[in-house]
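Now for the letters of each chain:
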Amino acid sequence: MDFYLRLESSLRRLPGTRAVGMADSIPPGGWSQSFRYSDLVVQGRPRTPPGTGGTVVGRKVTPDYFRALSIPIIRGRNFADQDRTGVEREVILSRLLAERVFPGEDPIGRRLLPGANVSPPGAIVVGVVRQREKQRTY
C-alpha cells in the first residue's frame, strides 16, 4: 500500500497532471470484486431472494479515480484521503445500482451490512456517480 501512495503522490507532482486515479482493476473488465446482486445486504431490509438480479462489479479506487475518468459525482461526495484510514468503509454507487437498490430513496448515509460483498464492519454509501458515457467511434 505504501508503494501505491508514494506512486500516486509522485504522479500528482508531474507537470500538467490534473488528476491521478488508481484502481485495483481496469474498467470495464477486471471483475475481481464482483458478487451476486442477491448478496447485497442493506441495513433495515430483508435479504434479496437468492438468484435475484445479476452481477454487481466493485473495485477499490483512489479519491481522484472518478475525476481522472471524467465521471461526475451526482449525489453525495467523492472519496477523500481521510477515508483510507477510517474504520468505516465508504462506497460510491453507480446511478443505476443506487436506483435499483434504493428506488425513490436517498442512498446517502445508508449502510451495507457484512455479507458476501462487504466485509465487517460494513460500508456506508457516501456518493452516487453517473455512468461514463460510451465513447463513439466514427
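This text gives an overview of the structure that appears in the document.

Conventions used here
- Residues numbered from 1 in each chain as written.
- Predicted model: local features only at pLDDT ≥ 70, side-chain atom pairs only at ≥ 80, totals over all residues.
- Heavy atoms only, no water.
- Helix = DSSP H or I, 4+ residues; strand = E, 2+ residues; numbered from the N terminus.
- Buried < 20%, exposed > 50% of the residue type's maximum accessible area, 1.4 Å probe, protein only.
- Core = buried A, V, L, I, M, F, W, Y, C linked by side-chain atoms within 4.5 Å.
- Phe/Tyr/Trp six-rings, centres within 6.5 Å; stacked < 30°, edge-to-face > 60°.

1. Considering the environment of Leu-7
Link 1 in the chain: Here Leu-7 lies in helix 1 (residues 2-12).
Link 2 in the chain: Assessed through its relative accessible area of 31%, Leu-7 is described here as partly exposed.
Link 3 in the chain: For Leu-7 and Met-22, which are 15 residues apart along the polypeptide, the C-alpha to C-alpha distance reads 9.9 Å.

2. A closer look at the nonpolar core
Link 1 in the chain: Leu-40, Leu-93, Leu-97 and Val-101 are the most contacted members of the largest nonpolar core, which has 15 residues in total.
Link 2 in the chain: Elements represented by at least two residues in this core include exactly strand 4 (89-94), helix 3 (95-101) and strand 6 (123-129).
Link 3 in the chain: Counting eight residues, the second largest nonpolar core, distinct from the first, contains Phe-66, Phe-79, Ile-92 and Val-126.

3. Focus on the packing of aromatic side chains
Link 1 in the chain: All chains considered together, the criterion is met by three aromatic pairs.
Link 2 in the chain: Taken together, a centroid distance of 5.1 Å and an interplanar angle of 75° make the contact between Phe-3 and Tyr-4 edge-to-face.
Link 3 in the chain: Taking the relative accessible area as the measure of exposure, Phe-3 reaches 48% and is therefore partly exposed.
Link 4 in the chain: A residue is classified by how much of its surface remains accessible, and Tyr-4, at 47% relative accessible area, is partly exposed.
Link 5 in the chain: Among the aromatic side chains, those forming a connected cluster through ring pairs are Tyr-65, Phe-66 and Phe-79.

Fair warning: the whole summary comes from geometry, so function is off the table for now.
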